[in-house]
Amino acid sequence: MDKILEGLVSSDHSVPVKRAIIKKVVEAAEKGVTEEQCQALFTLTTRLILVGEDAFQKQVGFQVLEAYARYHRPEFERYFSKDFVLSLLQQGYSQLDHKDPAIIDYIHCCLRLLISCPSVLEIFSVVQVEVLRMVCERPDPALCARLSTMLSDFVQCIPRDKSGVLFCQQLVRTISYFHCFASQERELREYVGQVTKVSTLLQNIWKSDPTTLLPSLQEVFAIISSIDPSFDPSIALASLVQHIPVQMITVLIKSLTTDQNVKDANMTKALCRMIDWLSWPLAQHVDTWVIALLKGLAAVQKFTILIDVTLLKIELVFSRLWYPIVRQGALTVLSHMLLSFQHSPEAFHLVVPHVVHLVQSLRTDGLPTSKAFLLQFTELIHCMMYQYSGFPDLYDHIVEAIKDLPKPGEEKIKLVLNQSAWTSQSNSFASGHLKEAGKSETGKTGLVNLGNTCYMNSIIQTLFMATDFRRHVLSLHLNGSNMLMKKLQLLFAFLAHTQRAAYAPRNFLEASRPPWFNMGSQQDCSEYLRFLLDRLHEEEKTLQVLESAQPKVSSHIERNGKDPTCQSSPEDTGESSLTGGETMHEPDKRTLIERLFGGKLITSIRCMQCNSISEKGEPFTDLSLAFCPSATAQHRPEGPSEEAKGLCQGSVNGGSENPDPGSVKAPANSVHVVPVTNEPPLSVPDLVNYFLAPEILDEENAYFCEKCISLQRAERSLKVVSAPEYLILTLLRFSYDAKCHVRRKILDNVTIPSLMRLPVQAPSTSTQCSSSTSSPLQVDSPESSENLAKKLKPSQKDEEEGEEQQINRGGDIPVQSVPYVLCSVVMHSGVSSESGHYYSYGRNISGADGTQHPASCFTLKEDLGNSQAESNPSTCSSLSVLPEQGDPLPNSGQEARDWLLFNDSRVTFTSFQSVQNITNRFPKDTAYVLMYRKQEVPGQNINGGPKENGMRVI
């Protein structure tokens, strides 16, 4: 019979003939044969199964073996003994290695044939020992999968007790050595199937013996937390996560995060590798475990780990969104990482470049789940852009790509942002871990946000871009390191010459922070600017007093920037364009702040009973411009309505990319929503004109006239009599409704002209002006954040009466329209007056006319729509610039590089068009502080003296 079988296998018969002969051989097994014949047949079939040349030979071997084992059971028991099994598992068979999967298949088949025989128990004992040894030798995925299949069918072969715990741990470690180098889909599917079989075996063991679960998980963590650079565990470990009971997550994560023996480096590595598991196609609950570990680390304030891992892995998590099979879990992890990492936009900005491409792919891939996923994804993106405002150059293309998709409401956004932010537990973060990099292509250096310090950063960058101010500060000879001006000089020098991408101004923050500004809280940038300029002014005044008291001691601040012992050239000794009419023989005693930012206002009050006038002059460094009541009250009354009277305007706070935790819960009515109307938007000249417009003092605001010796109806007016070199305008965007007791931010869009004219009047010499003995009058200081905020427009009748009297009284008072060019804008991003973020636009200005081009290259002309302003020089108006032939057009490449966007550490090129359209594109981003540079007319000085044409800047 064995010769027939052997001849059958080696013959050239056709397959049908071979199958017919096999049938006869199998039928012959039912007849009586000797023990020697059985042994020979068993040996032959074993050889065919293990070392057969093709699949047909193996099939023949299995069929004959099964037939003879069924009908000749005692002979098969004696053949398939424990010694034979041991030799197969330790030595292999013939030329076949003992690690070949065919040996496991053969033993698996024989165990099925012997399952009812007593001798199988001895074989089980042998297999229990040998499989433990085999997994310690790190078998490949194919062999391990075959072994797992056999052990799943014959659980009696699985090691027990301590050996069982060790077996599970070693099997986990074996999985960590699984690596797939296949590139074909068939091979990849086969690899995934093999891993699934092994993980299923572990699941069955954990269910039958729960004591093996915890040691197995400890082994998993030991593997993934290894920092050995020569060992990179396989992602196949992710297949185990779906088999771990979810109810164990809390206990295990708490144990890991509180274990003092677990170092931060190991925890970081473990978390990174768990995030890598998101790429495993069949893994479930990986996102649950990753988020649980992130939350556990936040609970024990392991913020360094969270920052490092987020910045390192967030792009990988985002890349998983392209694959539908792992997309949902990846989005869950991405959302948690972004929503928890709220102290800096750095993590979000790493994925911003990929958003548009993913949106386009989700729109066109045709999958039924893509539409719902796209809505979830864009909601997250809207929340992030809301949180990290002030980056129009980054977000413009995203806004365009998702403009037709639903946008979540403000309350929904606030709710989402307030869910999982671990940064709310600590405000001690700077702007992430700033990457070591050189300056951007702009050549400018950013400023690191030191914790809600964007109010300072935006002002510093604004002052730094004030070219004349920067030049004078850098040219000063200063003694004394404790001087604020010295610290500002060092800061400007560092910004001008460092090659860093960003600088952390910690020393300047400590020196310049107002005492009432709490460290780490959001503050008003306008208030900070006013305090800073006042400090610098008072410091120089003090030094001037000391210098006059000790004339032999050289000044701490040399106004011309030269050593007093050195001989100066006429150009150096002569006053620059900033002196405002002073000569060499009469040195200007004004401080640097007065010369560059100082102007003068005259407040005039005329009693409408006796026509007596009281005037009071006061200096200013900025003008606080209130919105007219018609704008803030959402309607345009003809007279001062009761609703308008309840509105008081002021400043807004800001400090960082994220609002304070408490501010997120601000009520919805703190937002001022402006209805859509057909009326043109307000402009900066409109606000200036409203600031200078006459105000009627009546009723509770009636004026006490010394001449009438009673309260009288009066008219109060303001006029600028001395124009500053740098005109600072603050838009009072905070309004307080006294009736409703609600603080609101005014979100009105304000048109910002690049050029405008400011009406400047000569001081009145009227004999009706009150003397110093007249009754003192309390006038709101322009330096107060609420000055003129309560001013109401007079009624139409009062306006006509006031205009007539103004013409009669002031027809011969000379008024000049001083041209100004815009050089900086500080933006406030946020819908609340209590929180938000500041960033600024700055312009590279290097010419005498305040532009990058010679003064002769431009023709200044009033806008065609402002013919009335041209005939009335007492009105503030916009200007247009007409380039001469050959000059670059406004939209040229040169113009596009004139403007810079400063947002803390980030500095990029932008355009004036971006400045003008920012509120239209991002409604909560509004202009707050504007700085204009005076343009000088050759041979003329607005403030009453000869003026040099041109300036030297650095």
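This one's a predicted model, so the numbers in the text were calculated from it and none came from an experiment.

Trainee: In this structure, what is going on with the pattern of salt bridges? I would like to understand it.
Mentor: In a structure, side chains of opposite charge can pair up when their charged atoms sit close to one another. For the coordinates displayed, the defined rule picks out 25 salt bridges. For Asp-105, the salt bridge goes to Arg-146, with nearest N and O atoms at 2.4 Å. Of the two residues, Asp-105 is situated in helix H7 (residues 101–113) and Arg-146 in helix H9 (residues 141–153); the sequence distance between them amounts to 41 residues. Looking at Asp-105, the relative accessible area reads 27%, which means it is partly exposed. With a shortest N-O distance of 3.6 Å, Lys-719 and Glu-615 are connected by a salt bridge. Taken together, the positions of Lys-719 in strand S12 (residues 714–722) and Glu-615 in strand S4 (residues 613–620) put the pair 104 residues apart, joining distant regions of the chain. Overlapping salt bridges bring together Asp-468, Glu-725, Arg-933 and Lys-934 as one network.

Trainee: What am I meant to see in the sheet that holds S12 here?
Mentor: Backbone-to-backbone hydrogen bonds join strands into a sheet, with any given pair of strands oriented parallel or antiparallel. The sheet built from 4 strands is open, its strands ordered S4-S3-S12-S9 with antiparallel pairing. Lying at the two open borders of the sheet, with one neighbouring strand each, are S4 and strand S9 (695–697). For this sheet, the mean angle separating the axes of adjacent strands, direction not counted, is 30°. Pairing of strand S3 (residues 599–607) with S4 involves 8 bridges; the strand directions are antiparallel. Looking at S4, one finds that Lys-600 is bridged to Pro-619.

Trainee: Mind showing me how you'd approach the side chain of Gln-712 here?
Mentor: Tracing the backbone through its elements, the reader meets Gln-712 in strand S11 (residues 710–712). Those residues in contact with Gln-712 that sit more than four places away from it in its chain are Cys-607, Gln-609, Leu-697, Ala-702, Tyr-703 and Cys-705.

Trainee: Sorry if this is basic, but what is going on with a nonpolar patch on the surface here?
Mentor: On the surface, Leu-282, Trp-322, Tyr-323 and Ile-325 cluster together into a nonpolar patch covering about 400 Å² of accessible area. Structurally, Tyr-323 is set in the loop between helix H16 (303–319) and helix H17 (327–340). On the basis of relative accessible area, Tyr-323 is assigned to the partly exposed category, the value being 43%.

Parameters at a glance
- Residues numbered from 1 in each chain as written.
- Predicted model: local features only at pLDDT ≥ 70, side-chain atom pairs only at ≥ 80, totals over all residues.
- Heavy atoms only, no water.
- Salt bridge = Lys/Arg side-chain N within 4 Å of Asp/Glu carboxyl O.
- Helix = DSSP H or I, 4+ residues; strand = E, 2+ residues; numbered from the N terminus.
- Buried < 20%, exposed > 50% of the residue type's maximum accessible area, 1.4 Å probe, protein only.
- Pairing = 2+ DSSP bridges.
- Axes fitted to C-alpha atoms, helices over the stretch in contact; angles between N-to-C directions.
- Contact = heavy atoms within 4.5 Å.
- Patch = residues over 30% accessible without salt bridge, like charges linked within 9 Å, V, L, I, M, F, W, Y side chains within 5 Å.
- Areas by Shrake-Rupley, 256 points an atom, 1.4 Å probe, with all protein chains shown as cover.

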